[in-house]
Amino acid sequence: MSIFPSVQAPNLFAAFDDLKASATLSDDWIAFRLALVRAQLALYGALSASPAPVETRSAEGGASPVHPTSLRYDEAQLSALLRAAASELQQKGHAITILARLLEAAGEHSGLLSNLAHAACQRVAQPAERATDIDTLSGSLGLPADVLEFFGLILAAPYVSVAARRGAALVQASKTKTTAHGACPACGAPAAAALLVGEEGRRLLCCPLCAAVYPFARKPCPSCGSSETLGVLFGEQDAGHWL
């Protein structure tokens, strides 16, 4: 069984409607994320429909996971993604300050967005070595490093997702039962969220980069792998929510 669920845009948009109804997040933030998701889905659809192969780095011994840093990111497509998001936000009366600054910088520096996608993936792949090209870009553009990392991963995600589904990694990853420290078995990115499914409460981890959903043991921490000194945190005003 594949670890890659089909992309269900209506369900995704319905989740954003639920966020709006919850009144726990600002309308500006929800509109910002929704605009980016729409633009990502448009690029994902275009890449999926294209017969052009997605280049990945092969490892010895057959099929290997996708390496996000080895993919070829198209500067024009990345720029179109950000412009589509900015246009939607402007039409709805929302600010686009950071998007405008990034697009302005992309116009001034050739290859900036593709370099940003590569640098963000590299930063995620080697969290112990945080000093990367992202920090250099941060200094030159005057934007925080975490903001640039966020946008770099937003830009990279459609490519990584398509590559993971097309490549030999799909066959290998779909057979993987668990991975060290919860890293995605398809692209190596750290998990962003977890789901508990079924009556037995089976845990599934969700990859923020290629959108894989894969099984992981219930007790260990997906970040460090430790099963020791784990506790439970409850919300102060809502005991039904816990971590």
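A. A look at the packing of aromatic side chains. All chains considered together, the criterion is met by four aromatic pairs. Aromatic side chains Phe-32 and Phe-151 sit 6.1 Å apart centroid to centroid with 80° between the ring planes, which places their arrangement in the edge-to-face category. Of this pair, Phe-32 sits in helix H2 (residues 27-49) while Phe-151 sits in helix H7 (residues 145-166), placing them 119 residues apart in sequence. Given the relative accessible area of 1%, Phe-151 is considered buried. Considering the side-chain rings of Tyr-73 and Tyr-159, the 5.0 Å spacing of their centres and the 80° angle between planes classify their relative orientation as edge-to-face. Placement of the pair is Tyr-73 in the loop between H2 and helix H3 (75-91) and Tyr-159 in helix H7, with a sequence separation of 86 residues.

B. Region of interest: the sheet that holds strand E2 (residues 202-206). On the basis of which strands lie adjacent, the open sheet formed by three strands has the order E1-E2-E3 and antiparallel pairing. The sheet is open, and its two edges are formed by strand E1 (193-197) and strand E3 (213-215), each paired on a single side. For this sheet, the mean inter-axis angle between neighbouring strands, taken without regard to orientation, is 35°. Taken together, the five bridges between E1 and E2 define a ladder with antiparallel strand orientation. Paired with Val-197 across the two strands is Arg-202, which belongs to E2.

C. Here's a closer look at unusual backbone geometry. Residue Ala-211 is not a glycine yet carries a positive backbone phi of 75°. Relative to the helices and strands, Ala-211 is located in the loop between E2 and E3. Classification of Ala-211 by relative accessible area gives partly exposed; the value is 34%.

D. Up close: the nonpolar core. By size, the foremost hydrophobic cluster in this structure holds 58 residues, and its most contacted members are Tyr-73, Leu-82, Cys-207, Leu-209 and Cys-210. If you list the elements that add at least two residues to this core, you get H2, H3, helix H4 (97-108), helix H5 (112-125), helix H6 (133-141) and H7. Per element, the largest residue contribution to this core is 13 residues, and it comes from H7.

E. View of the environment of Val-162. Secondary-structure assignment places Val-162 in helix H7. Spatially, the C-alpha atoms of Val-162 and Tyr-44 are 6.9 Å apart, while their sequence positions differ by 118 residues.

F. Layout of the side chain of Arg-165. On the secondary structure map, Arg-165 appears in helix H7. Judged by relative accessible area, which is 18%, Arg-165 ranks as buried. Polar contacts involving the side chain of Arg-165 include one to the side chain of Ser-161, which spans 2.5 Å.

G. Region of interest: the confidence of the model for the protein chain. Per-residue pLDDT for the protein chain has a mean of 80; in total, 76% of the residues score no lower than 70. Confidence, read as mean pLDDT per element, is least for helix H8 (residues 169-174) in the protein chain (52) and greatest for H3 (95).

H. How the structure looks around the pattern of salt bridges. Tallying each qualifying case throughout the model produces six salt bridges. Put simply, Arg-38 and Glu-88 hold a salt bridge, and the shortest N to O gap is 3.2 Å. Placement of the pair is Arg-38 in helix H2 and Glu-88 in helix H3, with a sequence separation of 50 residues. A relative accessible area of 15% places Glu-88 in the buried class. Between Glu-149 and Arg-123 there is a salt bridge, with the nearest N and O atoms lying 2.7 Å from each other. Here Glu-149 is found in helix H7, whereas its partner Arg-123 is found in helix H5, with 26 residues between them in sequence.

I. Structural detail: the pairing of E2. With four of its five residues buried, E2 lies for the most part within the structure. The pairing of E2 with E3 spans three bridges and is classified as antiparallel. Bridge pairing in E3 places Cys-206 opposite Val-213. Where E2 hands over to E3, the hairpin turn is made up of six residues, of which Ala-211 adopts a positive phi near 75°.

About the thresholds
Residues numbered from 1 in each chain as written. Predicted model: local features only at pLDDT ≥ 70, side-chain atom pairs only at ≥ 80, totals over all residues. Heavy atoms only, no water. Phe/Tyr/Trp six-rings, centres within 6.5 Å; stacked < 30°, edge-to-face > 60°. Helix = DSSP H or I, 4+ residues; strand = E, 2+ residues; numbered from the N terminus. Buried < 20%, exposed > 50% of the residue type's maximum accessible area, 1.4 Å probe, protein only. Pairing = 2+ DSSP bridges. Axes fitted to C-alpha atoms, helices over the stretch in contact; angles between N-to-C directions. Core = buried A, V, L, I, M, F, W, Y, C linked by side-chain atoms within 4.5 Å. Polar contact = N/O pair within 3.5 Å; in protein donor to acceptor, adjacent residues only side chain to side chain. pLDDT = per-residue confidence, 0-100. Salt bridge = Lys/Arg side-chain N within 4 Å of Asp/Glu carboxyl O.

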